[in-house]
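Given next are the chains, with one letter for each unit.
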Amino acid sequence: MKNKHQNIISIDPNIRFGKLIITGTRICVVDILSWLSIGMSIEEIIEDFPELKREHILATLAFAANRKNIKKNIEISF
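In short, a report on the structure. (Residues numbered from 1 in each chain as written. Predicted model: local features only at pLDDT ≥ 70, side-chain atom pairs only at ≥ 80, totals over all residues. Heavy atoms only, no water.)

Here we look at the packing of aromatic side chains
Applied cut-off: Stacked, edge-to-face and tilted are the three classes for Phe, Tyr and Trp ring pairs, Trp counted by its six-membered ring, which pair at centre distances within 6.5 Å; planes under 30 degrees apart are stacked, over 60 edge-to-face, the rest tilted. Numbering goes from the N terminus for both helices and strands, where a helix is a DSSP run of H or I of at least four residues and a strand is a run of E of at least two.
Throughout the structure, instances matching the rule amount to 1 aromatic pair. Taking the centre distance of 4.5 Å and the plane angle of 15° together, the rings of Trp 35 and Phe 49 count as stacked. Taken together, the positions of Trp 35 in helix H2 (residues 29–37) and Phe 49 in the loop between helix H3 (42–48) and helix H4 (54–65) put the pair 14 residues apart, joining distant regions of the chain.

And the structure:
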């Protein structure tokens, strides 16, 4: 079963030096995680970055929580 976040998170070597990004944006997964870690709410992040949706942020959290499969997911996307 394919995880929903695999359709939302991608890697493009031409965007942000190949870091994990939210597909269709230049926003890195690590940036979202950093904002959450300093106490920003999902609503505050969306207010600052209206191109993001709640599902993008939740997919970022799911992806990070499932980090043991991150390498596998990255290899599948190439």
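Comments concerning the pattern of salt bridges
Rules: Any carboxyl oxygen of Asp or Glu that lies within 4 Å of a side-chain nitrogen of Lys or Arg is treated as forming a salt bridge with it. Each residue gets one of three labels from its accessible area relative to the maximum for its type: buried under 20%, exposed over 50%, partly exposed in between, using a 1.4 Å probe on protein chains only.
In total, this model carries 2 salt bridges according to the counting rule given. Between Arg 16 and Asp 31 there is a salt bridge, with its nearest N and O atoms 3.2 Å apart. Of this pair, Arg 16 sits in the loop between strand E1 (9–11) and strand E2 (20–22) while Asp 31 sits in helix H2; the two residues are 15 residues apart in sequence, bridging distant segments of the chain. Owing to a relative accessible area of 26%, Arg 16 belongs among the partly exposed residues under this scheme. Salt-bridge contacts for Glu 43 lead to Arg 54; the nearest nitrogen and oxygen are separated by 3.6 Å. You can see Glu 43 sitting in helix H3 and its partner Arg 54 sitting in helix H4, a full 11 residues away along the chain. For Glu 43, a relative accessible area of 51% corresponds to the exposed category.

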